[in-house]
Amino acid sequence: MPDDFSIARASEGDAAALSRIGRSTFTDTFGHLYRREDLEMFLEDKHSPQAYARVLGDDRTAAWLVRDADEAIVGYAVAAPCDLPVPNMKPNAGELARLYLSKEAQGGGVGGRLLREALQWLTSNFDAVYLSVYAENPGAQRLYARHGFIKIHDYHYMVGNHADPEWIMELSRE
Ligand SMILES: CC(C)(COP(=O)(O)OP(=O)(O)OC[C@H]1O[C@@H](n2cnc3c(N)ncnc32)[C@H](O)[C@@H]1OP(=O)(O)O)[C@@H](O)C(=O)NCCC(=O)NCCS
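Residues numbered from 1 in each chain as written. Predicted model: local features only at pLDDT ≥ 70, side-chain atom pairs only at ≥ 80, totals over all residues.

Moving on, we get to the overall build of the chain. Scanning the chain from N- to C-terminus turns up five helices and seven strands. Counting from the amino terminus, the chain carries its helices and strands in the arrangement β-α-α-α-β-β-β-α-β-α-β-β. Taken along the three principal axes of its C-alpha coordinates, the chain extends 45 × 35 × 30 Å. Considering only contacts within the chain whose residues lie at least 6 apart along the sequence, 62% involve residues at least 24 apart. (Helix = DSSP H or I, 4+ residues; strand = E, 2+ residues; numbered from the N terminus. Contact = placed C-beta atoms within 7 Å.)

In this section: the pairing of strand S6 (residues 149–159). In the sheet, S6 pairs with strand S7 (residues 162–171) via ten bridges, with the strands oriented antiparallel. The residue of S7 that forms the bridge with Tyr157 is Asp164. Joining the antiparallel neighbours S6 and S7 is a turn of two residues, in which Gly160 adopts a positive phi near 60 degrees. (Pairing = 2+ DSSP bridges.)

Quick look at the site of the ligand now. Around the ligand, the surrounding shell holds 17 residues, and the nearest of these are Gln106, Gly111, Gly112, Gly139 and Arg142. For the shell around the ligand, the secondary-structure elements that each account for two or more residues are strand S4 (93–101), helix H4 (110–125) and helix H5 (138–146). For the shell around the ligand, the leading source of residues is H5, giving four residues. Each residue belonging to the shell around the ligand can be placed in one class, and the counts come to seven nonpolar, nine polar and one charged. (Near = placed C-beta within 6 Å. Nonpolar A, V, L, I, M, F, W, Y, C, P; charged D, E, K, R; others polar.)

Time to look at helix H1 (residues 15–30). Its 16 residues place the ends of H1 22 Å apart at the C-alpha level, agreeing with the 22 Å of an ideal helix rising 1.5 Å per residue. By the burial criterion, the buried members of H1 are Ala15, Leu18, Ile21, Gly22 and Thr25. Buried residues of H1, viewed axially, fall in a sector of 130 degrees; they line one side. In H1, the exposed positions angled more than 90 degrees off the buried face are occupied by Ala16 and Asp28. Each element contacted by the buried residues of H1 is listed here: helix H3 (49–56), strand S2 (62–67), strand S3 (73–81) and S4. (Expected span 1.5 Å × (residues − 1). Buried ≥ 20, exposed ≤ 12 C-beta atoms within 10 Å, placed from the backbone. Arc of directions from axis to C-beta.)

Next comes the structure, spelled out in structure tokens:
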């Protein structure tokens, strides 16, 4: 039940917790796509406690944690200034950089709630909002489309030395 889950902004002391949920949800969702060395290189670079300490220490960036009824962390989101290769990127652009739930929390509407929360913050802090999604993740693409995102570009996202086909989507503000 969605009501069994709470969503709250992460704070300075949450870098290790974000690292754990970031590593585990990425590995569970996409780990099978990569060679072990590529996956490890990526997790070390993007999901280390140090990487999340930088996220939490940057006041242009925000992170949220999802907790279940037992207070266990089962998901997270990160929003930040846009770092994607968007052609003709609009000025003052933000990015939904992460949106992940652990398996047991998926499919019950929590992702939609987490997305709304992050979008509220992004639209009040930036004039344009982008995200990147794996080209073969139609479930997440449908979720983003329902919340107003439109595909604008194809590119490759590097996981170690592995190039993943990805879509860039932009939030339509009309
Ligand atoms: C994507 C995700 C955050 C959505 O949260 P959720 O709570 O499962 O989704 P909700 O219940 O709010 O909404 C359901 C919609 O989410 C999407 N969805 C559901 N399960 C999903 C899954 N395992 N993977 C991807 N998308 C999923 C679908 O669009 C679904 O609607 P549908 O009926 O059209 O298929 C969550 O499923 C997840 O963490 N998936 C794995 C990680 C991932 O793919 N993250 C996105 C990276 S860009």
